[in-house]
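Per-entry structural report
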Amino acid sequence: MPPTTPIKLDPKTLALFSQRLLNCPRYKFGYKEQVRDAAVLMPLCQVNGEASVLFTVRNMNMRTHRGEISFPGGKADPHDPSLQHTALRETMEEVGIAPSSIDILGNYSTLPNKTGSLRVHPFLGYIKDPISSIKDLNYNKDEVSTVFSLPIDYLTRRDIREVRQFRHTQVKYPVFKVPAEIEREIEGENEIWGLTSFILDGIFRKIIPDRYP
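Residues numbered from 1 in each chain as written. Predicted model: local features only at pLDDT ≥ 70, side-chain atom pairs only at ≥ 80, totals over all residues. Heavy atoms only, no water.

With that out of the way, let us pick up the overall build of the protein chain. Helices and strands together make up the secondary structure of the protein chain, namely 5 helices and 11 strands. Whereas a compact globule of 213 residues would reach a radius of gyration of roughly 17 Å, the protein chain reaches 16 Å, a difference of no more than 12%. The dimensions of the protein chain, computed from C-alpha atoms along their principal axes, are 45 × 35 × 35 Å. Relative to its 213 residues, the protein chain shows a buried fraction of 51%. A separation threshold of at least 6 residues defines the contact pool for the protein chain, and within that pool the share at least 24 residues apart is 67%. About 11200 Å² of surface is accessible on the protein chain, with carbon and sulfur atoms providing 49% of the total. Within the protein chain, one finds 28 positive and 26 negative side-chain charges whose respective centroids are separated by 7 Å. (Helix = DSSP H or I, 4+ residues; strand = E, 2+ residues; numbered from the N terminus. Rg over C-alpha atoms; globule rule 2.2 N^0.38 Å. Buried < 20%, exposed > 50% of the residue type's maximum accessible area, 1.4 Å probe, protein only. Contact = heavy atoms within 4.5 Å. Areas by Shrake-Rupley, 256 points an atom, 1.4 Å probe, with all protein chains shown as cover. Lys, Arg positive; Asp, Glu negative; His and termini not counted. Charge placed at Lys NZ, Arg CZ, Asp CG, Glu CD.)

See below:
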């Protein structure tokens, strides 16, 4: 698949993504003693025929992370049978996309939240139904101020990434700039950073190394 060719989320490509996620790096970050588990979903989707990634913007009324660009997700519920179920449940609650409409392709390395109080388990999923308009999604306005997507071909551009230090570690990671037309629609931040960016970068390095230098 030459890098100049627009990426297609066909069955063969999705199967390759799943295979490439089988061997992810292990990070040695610190956690608090009473750590809890959480799960997020990085949703791949087709938007107007373009292979894209779906993002949410947290409502400005939320107690934490208000206005931040994120992936759907949250803390594991005691009744959740698995962390994958947690990621799918939270996606349904936040974005209104049913678990039956999402194929889980695999999971990435476990990572801490900012305080080390959560073990965050990232999952990569594919929304099977094409999306013609993001604005038609029935997202939860109490938790999410807006939902938007960015083409994978945009996110892999070097000129929209800036490398920074990840928190107080020696690890470097990129921050992604949001295009101006999306920025105008967002109430909150205009870049993808922190844990969301770390997950996006890490998964891209695993599934599309030929396109993500």
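The next subject is the pattern of salt bridges. Applying the stated rule across the entire model yields 11 salt bridges. A salt bridge links aspartate 159 to arginine 157; its shortest N-O distance comes to 2.7 Å. Among the residues examined, aspartate 159 registers a relative accessible area of 57% and is labelled exposed. The exposure class assigned to arginine 157 is partly exposed, which follows from its relative accessible area of 36%. Through salt bridges with shared partners, a single ionic network connects Asp80, Arg89, Glu90 and Glu93. (Salt bridge = Lys/Arg side-chain N within 4 Å of Asp/Glu carboxyl O.)

Take the nonpolar core next. As a rule of thumb, nonpolar side chains are buried together in soluble globular proteins. Counting residues in each nonpolar core, the largest one holds 46 residues, and the members touching the most others are Leu44, Val53, Phe55, Leu155 and Phe204. Ranked by residue count, the leading element in this core is helix H5 (residues 194-207), at 7 residues. Among the nonpolar cores identified, the runner-up in size contains 18 residues, and Val95, Ile102, Phe123 and Tyr139 belong to it. (Core = buried A, V, L, I, M, F, W, Y, C linked by side-chain atoms within 4.5 Å.)

Attention now moves to the pairing of strand S10 (residues 172-177). The two faces of the sheet receive side chains in turn, since in a regular strand these alternate between them. Judged from the 5 bridges that link them, strand S9 (residues 161-165) and S10 form a sheet pairing that is antiparallel. Within S10, the position partnered with arginine 164 by the bridge is tyrosine 173. The sheet contact formed by S10 and strand S11 (residues 191-192) spans 2 bridges and is antiparallel. Residue pairing across strands places phenylalanine 176 opposite isoleucine 192, the latter belonging to S11. (Pairing = 2+ DSSP bridges.)

Glancing now at the packing of aromatic side chains. Following the criterion strictly, the structure yields 5 aromatic pairs and no others. Relative to phenylalanine 198, the ring of tyrosine 27 lies with its centre 5.4 Å away and its plane at 70°, an arrangement referred to as edge-to-face. Here tyrosine 27 is found in the loop between helix H1 (11-20) and strand S1 (36-47), whereas its partner phenylalanine 198 is found in helix H5, with 171 residues between them in sequence. Taken together, the aromatic side chains of Tyr27, Tyr173 and Phe198 make up a single cluster linked through ring pairs. Looking at lysine 141, its charged tip hangs above the ring of tyrosine 139, at a distance of 4.5 Å from the centre. (Phe/Tyr/Trp six-rings, centres within 6.5 Å; stacked < 30°, edge-to-face > 60°. Lys NZ or Arg CZ within 6 Å of the ring centre and 35° of its normal.)

Take the sheet that holds S11 next. A sheet is described by the order of its strands in space; here 3 strands give the open sequence S9-S10-S11, paired in antiparallel fashion. Of all strands in the sheet, those bounded by a partner on one side alone are S9 and S11. Packing against the sheet, H5 makes contact with S10 and S11, and its axis sits at approximately 100° to S10. (Axes fitted to C-alpha atoms, helices over the stretch in contact; angles between N-to-C directions.)

In this model, the second largest pocket occupies a volume close to 370 Å³. Lining the second largest pocket are 17 residues, with Ile134, Phe148, Ser149, Ile182 and Glu185 sitting closest to its centre. At the level of secondary structure, the elements contributing two or more residues to the lining of the second largest pocket comprise strand S2 (50-58), strand S8 (144-151) and helix H4 (180-183). (1 Å grid on protein atoms, 1.4 Å probe; cavity = no way out; pocket = protein on both sides within 12 Å on 5 of 7 lines; lining within 4 Å. Points joined across faces, edges and corners; volume = space filled by probe spheres on them.)

In this fold, alanine 76 is placed in the loop between strand S4 (73-75) and helix H2 (83-95). Each residue touching alanine 76, except ones within four places of it in the same chain, is listed here: Arg36, Asp37, Ala38, Leu83, Thr86 and Arg89.

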